[in-house]
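# Observations on chain architecture
One-letter residues, chain by chain:
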Amino acid sequence: MTQTIAPRFRTLVLLLLAAACALLAGAGPASAHAALTGSDPQQGAVVDRAPAQVSLTFSESVSVDDDSLRVLDPKGKRVDDGSPSGTGGTTYSVKLHTGLPDGTYTVTYQVVSADSHPVAGAYTFSVGAPSDTSVSASVQEAGGGFVGALYGFGRYVSYAGFAVLVGGAAFVLACWPRGSGVRVVQRVVVSGWLALTAATLMLLLLRGSYTGSGKAGDIVDLNLLGEVLQTKTGAALVSRLLLLAAAALFVAVLFGAYDKREDEEKRDLTFGLAVGGAVVASGLAATWAMSEHASVGLQAGLAMPADIVHLLAVATWFGGLTALLVALYRGPADTPVPAVAVRRFSRVAFGSVVALVVTGTYQSWRQLGSWTAFTETRYGQLLLVKIGLVAVLVGIAYLSRRWTAQLAGAASPGVVRQREQGEKHEKGQKGEKAEKERVGASSGRGNQKAKGSEKAAGSGKATASGKAAASGKATGGSKGSGGAKGAGAGTKGTGTGAKGTGTGAKGTGTGAKAGGKGAGGGKGSGSANGSGGSQRAAQLARQRAAVDAARQKRQRDADPNRFGLRRSVLAEAGVAVVLLAVTTVLTQTEPGRTEQEAKATGTSSATTPAPSTGAVTLDMPFDTGSQNGKGVVRVELDPARVGANEMHLYVERPDGTAFDLPEVKVALTQEAKDIGPLPVAPDHITTGHWSASGVQIPIGGDWEVSVTVRTSDIDQVTVSKNTQIG
């Protein structure tokens, strides 16, 4: 049974990683999280005279630079001054050159939304009459291509690294303190730290190209890197790196000083490590919360803490699950994961699920805004997939809790057999050791006896050798005594002195030389046999240790409760891998609330705005200086032609919610003909909405539309904007 677990484990991991990669690859370019909700002039509009500036209004604040807003003439030549600026709220404008000729002009924009994602698009308007143009007005691809794919992969790795780092450390501190000394658990946590650090550095380098040109060559552009460091996202990434340095110190203490302490001393150090680790983990989570979805839109002050709790809950569950899985499959046989540790993690995981449900429900409401957004927007559809995966994960976790209860309810037969056989094995080892000592003593006595016989034999052979040498040389007698010395030396070999002296007898030189050879042969043979014996003993010891470890692992895996727990935890981890990929794609998708608002205004950040019917839309930020005195008033005039027109006014707070005012007044003025101001008294329709029909425009031209907004009895302000009518 256990022989098939490792191949199945590897196969399942590969399949799940492939599924995660497929999800990331299919995500495509990051969808814009800020939508273009208005423009002046509008898409497809034909104006009598060239406007002094072009204004764009987005659903949330964006970051702009010199190339963010560009206006191109029919030949593709730039006709703006290259210095876009915010006119208040979420409206941004760029001034145009004077004396522009008639023709079709193209407006292109590429900005970065407040939640860190690139937004790009283009549209056209005409002066006098439409004309041919060499400029393509197709939507630019923002955050796509090779750089976009790398950036998406880096985001996935950063989320995974954060989960493994935080969850693995929490598993050790809260569930299994002895796990700080288990090598595989240490590797899991350190791998999480390395993955998060590498991914953060990669995102920092890719950021400039990702939000700009999308070219791979710009990845190493130091000027772009300097610009990135001045942005909110760049500051968040740098802060993450600094916090990772503190996390490295935490990991070193956890697997160093903490591991070496006794159980009583560990309890004292656990509290300090828990507090420090919680602070560092919260700081790491805040680097996402303060630079992405939660930092903009509705209730940002509440959304960011909720996002931090959400990320910590995900990390505690997924990261702890990873550490438990590795410990169950790869942990040493002499340090198995105890049932009490699994039971503790089960309680921690349950708390994490509760936190996920609460914070996830709030985030879903905040990002969708309506039930229809679940099915009508891509964000809602992905969210449904995520909810389904979470439901599956909770179901598998329930099975894991049942296995945990069975594991903790009674000592399993496998564990009892393991302990009994372990005791028998220890007794057997002691018996073998005693037997070896007896054999060694007998061998020593035998060797002493052998030395005496070898000495006699060696002396005889050496003398014969000396005589043989003497017949060849006159001084052979004296060399024969040298041969005797050789024989005497040869007996120093244990049990092989005869072989040594035999080698001396075969010598063709003098007796002394022959005897010397005999001595050398004796010593060499004895040394070789002694070294070979120690190597053989070490090899046998290693083999016994490997066999013992394998036997203990088989006995441990034979426990049906532990085996069932391993399978359920493996299934949990597999679903978690796919769920993390879906979450990564979700963070790169335009929120459903924003997408529906963009559709309601007839434009979207992901598509080219539809041609206008001639209506004029003006967005004018206001600030009366009082509490709740900030907002944006939108004036829509349709069909913006000479004669009767219909006017609608919408008033919204900076966060996009509609609200009522005590009084709203409108006036139309044409200074060139000294006409006006012509007052308009709109009727209140619903919250934040006023309307007036039959608004007469006597002649065409450049009209100033002024709106007076009163937010209290004494606080009011008048804002105005010019537009071409007729």
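Report on the accompanying structure. (Residues numbered from 1 in each chain as written. Predicted model: local features only at pLDDT ≥ 70, side-chain atom pairs only at ≥ 80, totals over all residues. Heavy atoms only, no water.)

### Some points on the sheet that holds strand E11 (residues 630-638)
Keep this limit in mind: Strands were regarded as paired on the criterion that DSSP finds at least two bridges between them. Runs of E in the DSSP output that reach at least two residues are strands. Runs of H or I that reach at least four are helices, and both are numbered from the N terminus. All axes are obtained by fitting lines to C-alpha atoms, using only the stretch in contact for helices, and the reported angles, taken between N-to-C directions, cover 0 to 180 degrees.
Strand order across the open sheet formed by five strands is E10-E11-E12-E16-E15, with antiparallel pairing between neighbours. Each edge of the open sheet carries a strand with a single partner, namely strand E10 (616-623) and strand E15 (683-686). Going from strand to strand, the sheet's axes swing by 25° on average, the running direction of each strand aside. With eight bridges connecting them, E10 and E11 associate as antiparallel partners. Among the inter-strand pairings, Thr-617 is bridged to a residue of E11, identified as Glu-636.

### Focus: the packing of aromatic side chains
Cut-off, in case you're wondering: Pairing of aromatic side chains requires ring centres within 6.5 Å, counting the rings of Phe and Tyr and the six-membered ring of Trp. Pairs whose planes differ by under 30 degrees are stacked, by over 60 edge-to-face, and all others tilted. When accessible area is computed with a 1.4 Å probe and restricted to protein chains, residues below 20% of their type maximum are described as buried, those above 50% as exposed, and intermediate ones as partly exposed. For a Lys NZ or an Arg CZ to count as sitting over a ring, it must be within 6 Å of the ring centre and within 35 degrees of the ring normal.
Per the stated rule, a full pass over the model turns up eleven aromatic pairs. Between Phe-58 and Tyr-109 the ring centres are 5.7 Å apart and the planes differ by 70°, which places this aromatic pair in the edge-to-face class. A residue pair is termed long-range when its members are at least 10 positions apart, and Phe-58 in strand E3 (residues 53-58) and Tyr-109 in strand E8 (residues 103-113) qualify at 51 residues. Ring geometry for Tyr-151 and Tyr-210: centres 3.9 Å apart, planes at 5°, overall stacked. Highlighted residues: Tyr-151 in helix H2 (residues 145-174) and Tyr-210 in helix H3 (residues 183-211), separated in sequence by 59 residues. Of the two residues examined, Tyr-151 and Tyr-210, each falls in the buried class. Taken together, the aromatic side chains of Phe-58, Tyr-92 and Tyr-109 make up a single cluster linked through ring pairs. Between Arg-240 and the ring centre of Trp-288, over which it is positioned, the NZ or CZ distance is 3.9 Å. Note that Arg-653 overlies the ring of Phe-659, its terminal NZ or CZ placed 4.2 Å from the centroid.

### Some thoughts on the nonpolar core
Convention followed: Here, the term nonpolar core denotes a set of buried Ala, Val, Leu, Ile, Met, Phe, Trp, Tyr and Cys residues that are joined through side-chain atoms within 4.5 Å. The contact criterion used throughout is that any non-hydrogen atoms of two residues lie within 4.5 Å.
If you look at the biggest cluster of nonpolar residues, it comprises 73 residues, and the most contacted ones within it are Phe-162, Leu-254 and Trp-317. Sorting the residues of this core by element identifies H2, H3, helix H5 (232-254), helix H7 (263-289), helix H8 (300-330), helix H9 (339-368), helix H11 (378-409) and helix H16 (560-587) as the ones contributing at least two each. Beyond its immediate chain neighbours, meaning those up to four positions away, Leu-254 contacts Ala-169, Val-172, Leu-173, Ser-180, Asp-259 and Leu-273. By size, the runner-up hydrophobic cluster in this structure holds 27 residues, among which are Met-620, Leu-649, Leu-668 and Ile-697.

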